[in-house]
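Coordinates in review
So you can see what is in the structure, the chains are spelled out below.
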Amino acid sequence: ATEADVAQALSDAMRTLGGVPTFAIIAAGANGAEPHHLSDATPLQEGDVVVMDFGCTVGGYHSDITRTVTCGRASDEAHRVYETVLAAHHAARKAIAPGVACGDVDAAARAVIEAAGYGEFFVHRTGHGLGTRVHEEPNIVGGSDQRLEPGHCFSIEPGIYLPGRFGVRIENIVTCTADGHVSFNEEPAER
């Protein structure tokens, strides 16, 4: 299958389940090192790390999720990078609470990735608001002093992108609650 084939299959599944597909980004191998790669005719090959970022609308509200998988057996390095991104994802989510600055949530994810030696390869914000638009406030970005409030809905999507090799991103959509957060997505695989 090609990236475009997988993107089409995801779009068809979203439509079958009642959603209106808005995007499906499939990035295999080196294409996964480009955070906003557009799916193309690249064939998926044994050993490829594959980033799948997709969403649809239901009732006027947007969904968004990113999962990273491999075709066949993952390399030891791919496992290390995945486990680092997963730890960053959980660290960011642990920081979510009313009154916490968006920049502090970003910093929690970034600290894990930097400690693992991949800081220069985390090249985007940790998250973005989501609702009637796929990108809206609040932005979970370094330096933001905007404070989280119960009801804010946003992504947590740290990533590591190794140019010319592969990328890993894990994204859940969460909402801030009075005592932390709730995720709208099932939890990502531990490995």
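All values derive from a computational prediction rather than experimental measurement. (Residues numbered from 1 in each chain as written. Predicted model: local features only at pLDDT ≥ 70, side-chain atom pairs only at ≥ 80, totals over all residues. Heavy atoms only, no water.)

1. Section: helix 1 (residues 3-16)
- Between its terminal C-alpha atoms helix 1 stretches 20 Å, which fits the 20 Å expected from 14 residues at 1.5 Å a residue.
- Among the structural elements, strand 1 (20-28) and strand 2 (49-58) are those in contact with the buried residues of helix 1.
- Directly beyond the C-terminal end of helix 1, a positive phi value near 100 degrees is found at G18. (Helix = DSSP H or I, 4+ residues; strand = E, 2+ residues; numbered from the N terminus. Expected span 1.5 Å × (residues − 1). Contact = heavy atoms within 4.5 Å.)

2. Side note on unusual backbone geometry
- That bond from E137 to P138 is cis: its omega, 0 degrees, falls within 30 degrees of zero.
- Looking at the element boundaries, P138 is found in strand 6 (residues 136-140).

3. Observations regarding the environment of E171
- Note on placement: E171 falls in the loop between strand 9 (166-169) and strand 10 (172-177).
- For E171, the contacting residues outside a window of four places in its chain are D53, D64, I65, T66, R67, H89, H128, S155, I156, E157 and N185.

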